[in-house]
Amino acid sequence: MRLPALTVWGGCVFALASLSLSSGGGAAAPTACGPGMKAICGTIKAFPVKEAHPHGIVYNSEGPLKGLWFDNATTDDTSSVVEFDTRTGTERSHLTPTQGSQPGSINIAADRSIWFTESVANKLAMVTHERTIKEYPVPTPDAYPLDITRGPDGAMWFVESKAGKIGRIAPDGKIQEFRTGDSASRPTALIAGPDKAIWFTEVGTNRIGRLTTTGSVSHFSAGAGQMTGDITTAIDDSFWFGKKNAVTRMTASGALTEYELPNAIDTGSIFGSRNGGVFIGVMHKDGTGSVTAISADGKIKEFDLPQKHLMPIEFAQTADGSFWMTVQSFDASASPSQLFNLPLPAVTDLPRTTIVTGGGPDWMATGAGALWIANISLKEIERIDAATNAITARVKVGGVPCSGAAFGFSSLWIPLCANDKGTSLVRIDAATNRVVATLPIAPANPEGGIAASRDSLWMATGDTELSRIDPSSGKVRQRVTVASGSQNPTYAGGLVWITSKASNVLTAVDASDGRVVAKVPVPGGPHFVTTGGGAVWTIGQDDGVVTRVDPRTKRIEARIYANIPGFGGDVTFGAGYVWTTLVGVPLTKIDASTNSIVAQWYGRGGDAIQFNYGTIWLADYDHHLVWRIKP
């Protein structure tokens, strides 16, 4: 949250020059590079809008108000909140009940309603699910509410910049206020921290404040150099905030690390990155504005805006991973009446072969020179030839191939479900592409999973049961008791590894005799698992962290903050890298030698992944495709 374009502090006026307005709506403006612009300019696209001062911007991921929203921070009868269609560039405006209210920060409540501050009107406002606007006066007169965020307690919290207070508004509209300093402290932006406290910037006293939900306040020095107002958290639980020509990283204990921004004269909004660092809006000495990416170790990459004298002041990130931003003008020739879009790298940008499967491709296995993929909606297994990329067989299996896939003993093994309940285990002969056995062994659930070792198949068949199956007789030869909720076994080096999201544990089972030899505590809901590069790798569905475990010591070696939490997903290993997938973040590449994220792609695709035959096989479940990608 940046200070708005027109802000009065003790008689001093911070104002932009008069701005020309552009016509609203329509397609993206040209993004030709201007004189002095860096080669990477043109990556960001401009979308003109009719509003004079777009300011707060947010993406609502679900509910009746789903989509991109921004507000028009004017002090005349045009003050409003706006729905923006990112596909067409069209707008739907909703005027504020109080004209000239100067809407500022905007954010999403727990019930997916939209809340924003009205600085001049000294009010908070909510867009209901029915698209009506309710306003709530701030109890302290002339408090000048600026930033607003959702707190850890489900309420909305906001700063009262002129009053030196932080406010809390409950879903029923009841407001509490907490004094954090005096009016000179100028609290400007706030965020809910990983410790379930509210952290905020105090621009007037150059401090970072911490406020518990019960009202206890503490303060930390922001170091030398003037803060510009905004604050964010990164996925390693650190705090980041901007200064005029630098970005500062702060730990929860107050330890500071500062990274200078070359040739910067001002910074705007700051936004936590999925790769561990941050994105921040920057204005440079030559008038070039940029979105600057800063990694956790201070490495910098800049994405220039296609027009000069504009700096990003608010960010939102849509479901495809791209950034949308509002801008502040530093020159009368540059209009802020536009949104800018920075699309992040997508899998569709990579060299790939596309294979149309029809239905919903999901679980994968490789063997006999082919990729075998379970098609959920078509209730069949498709065999894709690795030499030609052609579908050479479609095998109907008599049920939903719901719970994993494993290749072994010259066969593909597929657990089946009906109505989300396990029913049986199917064996498909790789020589004939026919079902040769349907065994009355049911998977535990649609996520149970199956693996093949040297002499057995291993399948989760109950909440605490891992069954060892004889491939010759088709009978269960041993039942191993594992942690509650264990799923998705994999085999490597004489051990079967199986995760439990419910119990936060990774279990190692000796494949020779079925003994449980280790239970490794892994936080974050570990679910899918793979092996390679001398390690075992899991994905946490709760925290989106990839965990590396040493198979010899049975201890965690590294926790890699990939920020890919959520249902589904998958992980595989190949060519020295760990590859993960999740719908919306279809591919993440992690270097196994450094435990660091090399690249992350966003947008369509994701849900199942395999590495074999020198390539990545990646499912686009929603669009009924399989991509084959060279690493």
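Located above this text is the structure these notes cover.
Residues numbered from 1 in each chain as written. Predicted model: local features only at pLDDT ≥ 70, side-chain atom pairs only at ≥ 80, totals over all residues. Heavy atoms only, no water.

(A) Region of the structure containing the overall build of the protein chain. Within the protein chain one finds zero helices and 59 strands. What you see for the protein chain is a C-alpha radius of gyration of 27 Å, in line with the 25 Å of a compact globule of 631 residues. Projected onto the principal axes, the alpha-carbon positions of the protein chain cover approximately 85 × 50 × 45 Å. For the protein chain, buried positions account for 58% of its 631 residues. Here the analysis covers contacts within the protein chain between residues at least 6 apart in sequence; of these, 44% occur between residues at least 24 apart. Side chains of the protein chain give 54 positive and 57 negative charges; the mean places of these two sets differ by 6 Å. (Helix = DSSP H or I, 4+ residues; strand = E, 2+ residues; numbered from the N terminus. Rg over C-alpha atoms; globule rule 2.2 N^0.38 Å. Buried < 20%, exposed > 50% of the residue type's maximum accessible area, 1.4 Å probe, protein only. Contact = heavy atoms within 4.5 Å. Lys, Arg positive; Asp, Glu negative; His and termini not counted. Charge placed at Lys NZ, Arg CZ, Asp CG, Glu CD.)

(B) Spotlight on the environment of G100. Locating G100 in the fold gives a position in the loop between strand 7 (91-95) and strand 8 (103-108). As a C-alpha pair, G100 and F340 span 240 residues in sequence and 25 Å in three-dimensional space. Once residues within four sequence positions are removed from consideration, G100 is found in contact with T74, T75, D76, S79 and V120.

(C) Quick look at the environment of W617. Looking at the secondary structure, you find W617 in strand 58 (residues 615-620). According to the relative accessible area criterion, W617 is buried, its value standing at 0%. Between the alpha carbons of W617 and R468 there is a distance of 28 Å; along the sequence they are 149 residues apart. From its side chain, W617 meets the backbone oxygen of N612 in a polar contact 3.2 Å long. (Polar contact = N/O pair within 3.5 Å; in protein donor to acceptor, adjacent residues only side chain to side chain.)

(D) Local environment of the pattern of salt bridges. Applying the stated criterion across every chain, the model contains 24 salt bridges. In this structure, K162 engages D142 in a salt bridge whose closest nitrogen and oxygen atoms are separated by 3.8 Å. Of this pair, K162 sits in the loop between strand 13 (156-160) and strand 14 (165-169) while D142 is found in the loop between strand 11 (133-137) and strand 12 (145-150), placing the two residues 20 residues apart along the sequence. The partner of E557 in a salt bridge is R548, with the nearest N and O atoms 3.0 Å apart. Take E557: its relative accessible area is 41%, and that puts it in the partly exposed class. Using a relative accessible area of 11% as the deciding quantity, one classes R548 as buried. Within this structure, E380, E382, R394 and K396 form a network of salt bridges that share partners. (Salt bridge = Lys/Arg side-chain N within 4 Å of Asp/Glu carboxyl O.)

(E) The pairing of strand 22 (residues 246-250), seen in detail. Buried residues dominate strand 22, accounting for five of its five residues. Burial of strand 22 is two-sided: the residues A246, T248 and M250 facing one way and the residues V247 and R249 facing the other way are all buried. Taken together, the four bridges between strand 21 (residues 239-243) and strand 22 define a ladder with antiparallel strand orientation. Bridging from a neighbouring strand, G242 pairs with V247 of strand 22. (Pairing = 2+ DSSP bridges.)

(F) Seen up close, the pairing of strand 38 (residues 411-418). For strand 38, the tally of buried residues reaches seven of eight residues, placing the bulk of the element in the interior. Judged from the two bridges that link them, strand 36 (residues 400-401) and strand 38 form a sheet pairing that is antiparallel. Within the sheet, the bridge partner assigned to V400 lies in strand 38 and is C417. Where strand 37 (residues 406-408) and strand 38 come together, three bridges link them in antiparallel fashion. Pairing of G408 across the sheet is with S411, part of strand 38. Counted between consecutive antiparallel strands, the loop separating strand 37 from strand 38 contains two residues, among which F409 sits at a positive phi close to 60°. Alignment of strand 38 against strand 39 (residues 421-429), held across eight bridges, turns out to be antiparallel. Residue pairing in the sheet places C417 in a bridge with G422 of strand 39. The turn linking strand 38 back onto strand 39 is made up of two residues, and N419 within it adopts a positive phi angle of 55°.

(G) Looking closely at the nonpolar core. Formed by 49 residues in total, the largest nonpolar core has its most connected members in V291, M325, F340, L342, I381, I428 and W537. Residue contacts for V291: discarding those within four places in its chain leaves I44, F279, I280, K301, E302, F303, L305, P312, F315, M325 and L342. A109, Y136, M156 and I169 belong to the second-largest nonpolar core, a separate cluster that totals 13 residues. (Core = buried A, V, L, I, M, F, W, Y, C linked by side-chain atoms within 4.5 Å.)

(H) View of the packing of aromatic side chains. This model, assessed by the stated rule, comprises 17 aromatic pairs. Aromatic side chains W115 and Y136 sit 5.5 Å apart centroid to centroid with 20° between the ring planes, which places their arrangement in the stacked category. Of the two residues, W115 is situated in strand 9 (residues 114-118) and Y136 in strand 11; the sequence distance between them amounts to 21 residues. The class for Y136 is buried, based on a relative accessible area of 15%. (Phe/Tyr/Trp six-rings, centres within 6.5 Å; stacked < 30°, edge-to-face > 60°.)

(I) Structural detail: the sheet that holds strand 35 (residues 391-396). Pairing is antiparallel across the open sheet formed by four strands, whose spatial order is 32-33-34-35. Two strands bound the open sheet, and with one partner strand each, they are strand 32 (361-367) and strand 35. Going across the sheet, the axis of each strand differs from the next one's by a mean of 20°, ignoring polarity. Bridge count between strand 32 and strand 33 (residues 370-375): five bridges; the pairing is antiparallel. (Axes fitted to C-alpha atoms, helices over the stretch in contact; angles between N-to-C directions.)

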